[in-house]
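Given next are the chains, with one letter for each unit.
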Amino acid sequence: MRAPASLRPLFLSGILVAAVVGCGGDDSGTEAGGSSSTTATTAGTTTTTGKAVDFAALGESPVIKYLQETLDTLGFFPGTIDGVYGPQTEAGLAAFQRSVGLPVTSQLDAATVAALAKASPAAQKYAVRALQTELVELGLYKDTIDGVMGPETVDAIEALQSEAGLPQTGTLDGATFGALQQRYFDEVTKGSSTGPGSSTTTTAPSNDPNILKPGMDGAAVQALQQSLTTLGYRTGGVDGAYGAATASAVMAFQKHEGLSRDGIAGPDVMSHLSAPTGAGPKSSAVGPRVEVDLDRQIAFVIDGSGTVTTINVSTGSGDDYTDADGTADVAYTPTGDFTVYEKDPGNVVAPLGTLYSPLYFKAGWAMHGSPSVPGYPASHGCVRVSDEDQDFVYPLMPVGAAISIYGTSLGDPSRGAPGF
């Protein structure tokens, strides 16, 4: 059953309200187009199946990340844009509510969602893109990641509900969101961020004055951005505002230097900025070319003059998955020396997801933009970069440009197939 078109603008409320049910308060409202099917508990959200979901314990979620980025854009997020719901996200919501004269609940009730949408028209599109990304990675959605709550996205939600034993309403109520996040954790996130150098947490106190993090601004942030830019990282500008692009640049630097991958510039980052020790590209050849280091999950982009830019990537997870034809494959990224044999601008719909401006280098494998680029291997085999970074890479790499991939590729290469 597809939701009526008149209800689709309300899906932002469904996505975001459901996202914080049980994460610091209760949800006593009824979802537009659906029914109230969740109750707040100290453990999280109790779905209609009786299973409690603790969102804060499930690790990162693209939906929460986009909520944090929206709050950060509006100047109300004091924490790290990490996709993890926690006290800093609650504080950001409270600050926003206070600013627009709403009751300070730290919850995304209908009034708060309406105020966010009015303050940031892009919020709904961001939230739906995040939802579509999770559904793609679970094999439930195979259309374009476009931020539009169209019939295909509603069908994917119904498929999720059917498999979870929930009423097939096509609306993202609390029970459905809980089932989605639990499944995303079980099948995508769980265990993916373990291993040497892949930590995404920091042990430093959140109020430490020597730590710079997303949501901050000022001269110290500007100096950090300048240092990173000088070293060849993309911070989104030297403007003194610690946004998502700066956090991504910090994470790329942390990967380069073998530090914890949390996007926060603490003393370890600051000390390495003055004297980096991580190795650069293996080859000194002038570009245009790309080197992808699988072990560190970064890519070196070398332009025609030899200038090197270092960016975040996420490559094959090594996990088993079932492709669109029902074949059991492995999320494997091939290693070796390749060349770009085809490039396509904009969104390209592939069987496992939408590839943004892909640079194809081997039998369907591509380097492409994606709205989800975590700090660990998470793709079906392609080399993912952020959409913003792909806008930088794509025009630099003509057909024939070299792409070299080296390091340890996870999974069985004999079962690898091009993916998302």
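Analysis parameters
- Residues numbered from 1 in each chain as written.
- Predicted model: local features only at pLDDT ≥ 70, side-chain atom pairs only at ≥ 80, totals over all residues.
- Heavy atoms only, no water.
- Pairing = 2+ DSSP bridges.
- Helix = DSSP H or I, 4+ residues; strand = E, 2+ residues; numbered from the N terminus.
- Axes fitted to C-alpha atoms, helices over the stretch in contact; angles between N-to-C directions.
- Contact = heavy atoms within 4.5 Å.
- Buried < 20%, exposed > 50% of the residue type's maximum accessible area, 1.4 Å probe, protein only.
- Salt bridge = Lys/Arg side-chain N within 4 Å of Asp/Glu carboxyl O.
- Expected span 1.5 Å × (residues − 1).
- Phe/Tyr/Trp six-rings, centres within 6.5 Å; stacked < 30°, edge-to-face > 60°.
- Lys NZ or Arg CZ within 6 Å of the ring centre and 35° of its normal.

Q: Describe the sheet that holds strand β15 (residues 402-406), naming the residues involved and giving the relevant values.
A: With respect to topology, 5 strands assemble into an open sheet ordered β6-β5-β4-β15-β9, the strand pairing being mixed. Two strands lie at the open edges of the sheet, namely β6 (308-312) and β9 (336-339), each paired on one side alone. For this sheet, the mean inter-axis angle between neighbouring strands, taken without regard to orientation, is 20°. One ladder, built from 5 bridges, connects strand β5 (residues 298-302) with β6; its direction is antiparallel. Bridge pairing in β6 places Ile 302 opposite Val 308. Contacting β5 and β6, helix α9 (residues 244-257) crosses the sheet at an angle of about 100° to β6. Where helix α11 (residues 387-396) meets the sheet, its contacts fall on β5 and β6, and the angle it forms with β6 comes to roughly 140°.

Q: Residue-level account of unusual backbone geometry, with values.
A: A negative phi holds for most residues other than glycine; trans holds for most peptide bonds. Here the amide bond leading from Gly 287 into Pro 288 is cis, since omega sits at 10°, within 30 degrees of zero. Mapped onto the secondary structure, Pro 288 falls in the loop between α10 (267-274) and β4 (289-293). Of note in this structure, Gln 297 is not a glycine but carries a positive phi near 55°. In this structure Gln 297 comes out as buried when scored by relative accessible area, which is 1%. The phi dihedral of Ser 357 is positive, around 45°, even though this residue is not glycine. One can find Ser 357 in strand β12 (residues 353-362).

Q: So what's going on with the pattern of salt bridges? Which residues, and what values?
A: Counting across every chain of the model gives 4 salt bridges. A salt bridge links Arg 183 to Glu 163, with the shortest nitrogen-to-oxygen separation between them at 2.5 Å. Of the two residues, Arg 183 is situated in helix α7 (residues 174-189) and Glu 163 in helix α6 (residues 151-164); the sequence distance between them amounts to 20 residues. For Glu 163, a relative accessible area of 53% corresponds to the exposed category.

Q: Can you tell me about helix α3 (residues 87-99), naming the residues and giving the values?
A: Under the 1.5 Å per step criterion, the end-to-end length of α3 is 18 Å for 13 residues, consistent within 8% with the ideal 18 Å. Among all positions of α3, only Thr 89, Gly 92, Leu 93, Ala 94, Phe 96 and Gln 97 are buried. Backbone geometry just downstream of α3 places Gly 101 in the positive-phi region, at approximately 75°.

Q: Talk me through the pairing of β5; I want residue IDs and the actual numbers.
A: The buried count for β5 comes to 5 of 5 residues, which makes it a mostly enclosed element. Where β4 and β5 come together, 5 bridges link them in antiparallel fashion. Across the sheet, Val 292 pairs through a bridge with Ala 299, a residue of β5. Joining the antiparallel neighbours β4 and β5 is a turn of 4 residues, in which Gln 297 adopts a positive phi near 55°. Hairpin remark: β5 followed by β6, antiparallel, with 5 residues in the connecting loop; positive phi at Gly 306, about 95°.

Q: Describe in detail the packing of aromatic side chains, supporting the description with residues and values.
A: According to the stated counting rule, one finds 4 aromatic pairs in the structure shown. A centroid spacing of 5.6 Å and a plane angle of 75° characterise the contact between Phe 76 and Phe 96, whose relative ring orientation is edge-to-face. Of this pair, Phe 76 sits in the loop between α2 (62-73) and α3 while Phe 96 sits in helix α3, placing them 20 residues apart in sequence. A relative accessible area of 22% places Phe 76 in the partly exposed class. Of the residues examined, Phe 96 reaches a relative accessible area of 2% and is grouped as buried. Taken together, a centroid distance of 5.4 Å and an interplanar angle of 45° make the contact between Phe 338 and Phe 361 tilted. A residue pair is termed long-range when its members are at least 10 positions apart, and Phe 338 in strand β9 and Phe 361 in strand β12 qualify at 23 residues. Taking the relative accessible area as the measure of exposure, Phe 338 reaches 14% and is therefore buried. According to the relative accessible area criterion, Phe 361 is buried, its value standing at 4%. The ring of Tyr 406 has Lys 282 lying over it, and the distance from NZ or CZ to the ring centre is 4.2 Å. Of note, Lys 343 hangs over the ring of Tyr 394, and the distance from its end group to the ring centre comes to 4.1 Å.

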